[in-house]
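# Understanding the architecture of this molecule
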Amino acid sequence: MENPNLKSDYFVIKALEDGVHVIGLTRGADTRFHHSEKLDKNEIMIAQFTEHTSAMKIRGKVTIQTEHGEMSNDQ
Ligand code: TRP
């Protein structure tokens, strides 16, 4: 990360089905998609919020572990 003052914990996303999309949204005034990562069942992505990424949208069933706990949208 370029800015050493911006410290962000890692979060873990585990796909519970094929074709999950993890979509990164840009930081700042202009909020837009900048990256879409496709995960298949049981694939895991470990990532951070960065100076380029302030939000994330997830399409598909996953479990996520963050500093706020573990959550799932698999209902
Ligand atoms: N190049 C992106 C960045 O540094 C990579 C990234 C980090 C990302 N966290 C993400 C992409 C979360 C999607 C979702 O910000």
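Up top is the structure.
Residues numbered from 1 in each chain as written. Predicted model: local features only at pLDDT ≥ 70, side-chain atom pairs only at ≥ 80, totals over all residues. Heavy atoms only, no water.

## A look at the pairing of strand β2 (residues 20-26)
Across the 7 residues of β2, 6 count as buried, placing the element largely inside the fold. As defined by bridge partners, β2 adjoins strand β3 (residues 33-39) across 6 bridges and the pair is classed as antiparallel. Following the sheet pairing, L25 is matched in β3 by F33. Adjacent in sequence and paired antiparallel, β2 and β3 are bridged by 6 residues, among which G28 carries a positive phi angle near 105°. Pairing of β2 with strand β5 (residues 53-59), which is carried by 6 bridges, proceeds in the antiparallel orientation. Bridge pairing links V22 to I58 in β5. (Buried < 20%, exposed > 50% of the residue type's maximum accessible area, 1.4 Å probe, protein only. Helix = DSSP H or I, 4+ residues; strand = E, 2+ residues; numbered from the N terminus. Pairing = 2+ DSSP bridges.)

## Comments concerning the site of the ligand
G24, H34, H35, Q48, T50, H52, T53 and M56 make up every residue found near the ligand. Between the ligand and the protein, one listed contact pairs an oxygen atom with a side-chain N or O atom of T50 at 2.4 Å. For the ligand, an oxygen atom lies 2.6 Å from a polar atom in the side chain of T53. Elements with a minimum of two residues in the shell around the ligand: β3 and β5. Here the residues of the shell around the ligand sort into 1 nonpolar, 7 polar and no charged. (Near = heavy atom within 4 Å. Polar contact = N/O pair within 3.5 Å; in protein donor to acceptor, adjacent residues only side chain to side chain. Nonpolar A, V, L, I, M, F, W, Y, C, P; charged D, E, K, R; others polar.)

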